[in-house]
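# Commentary on secondary and tertiary structure
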Amino acid sequence: MSFKNIIFWNIVLIFNTLYAIFAVITLYEFYNVAILNNVRNYPWGLEHENPWYYINGNTYENVMLAEGIIFSTCTITIFYQFIKLRKMAAFYAVLISTFIFILSIVNGNYKYL
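I will try to describe carefully the structure that is included in this document. (Residues numbered from 1 in each chain as written. Predicted model: local features only at pLDDT ≥ 70, side-chain atom pairs only at ≥ 80, totals over all residues. Heavy atoms only, no water.)

## Quick look at the packing of aromatic side chains
- Tallied over the entire structure, the rule returns 18 aromatic pairs.
- Aromatic pair Tyr42 and Tyr60: ring centres 5.5 Å apart, planes at 50°, arrangement tilted. A residue pair is termed long-range when its members are at least 10 positions apart, and Tyr42 in the loop between α1 (3–35) and α2 (57–84) and Tyr60 in helix α2 qualify at 18 residues. Each member of the pair, Tyr42 together with Tyr60, is buried.
- Taken together, the ring pairs in this structure connect Tyr42, Trp44, Trp52, Tyr53, Tyr54 and Tyr60 into an aromatic cluster.
- Above the ring of Phe8, the side-chain terminus of Lys87 is found at 5.2 Å from the ring centroid. (Phe/Tyr/Trp six-rings, centres within 6.5 Å; stacked < 30°, edge-to-face > 60°. Helix = DSSP H or I, 4+ residues; strand = E, 2+ residues; numbered from the N terminus. Buried < 20%, exposed > 50% of the residue type's maximum accessible area, 1.4 Å probe, protein only. Lys NZ or Arg CZ within 6 Å of the ring centre and 35° of its normal.)

Laid out in structure tokens, this is it:
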């Protein structure tokens, strides 16, 4: 394997780790709100400059579950391409996952419906 390939696959693994971290964070938030029902420390409503999905606990847990599943799918897809050493497929998987990550940031910046 050449030096360029080693650098490429290291970058792919760094991005994959980032998406895995976000998958764990969002799925933990879903678990914390939906399963454990720890909702008293969350500032529900739109008065605190919160994103739109802070309207209530149900909306928040649905958004966290959706983002967790999406980031888990991104992580699994990138890891599968890494194992198979499919360079172009891994590149496109990272590119699409980065676009999805940007969309989730934009989604978190919307304050009202």
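## With respect to α1
- Given a rise of 1.5 Å per residue, 33 residues ought to cover 48 Å, and the 46 Å separating the end C-alpha atoms of α1 matches this to within 8%.
- Just beyond α1, the residue with positive phi is Asn37, at close to 60°. (Expected span 1.5 Å × (residues − 1).)

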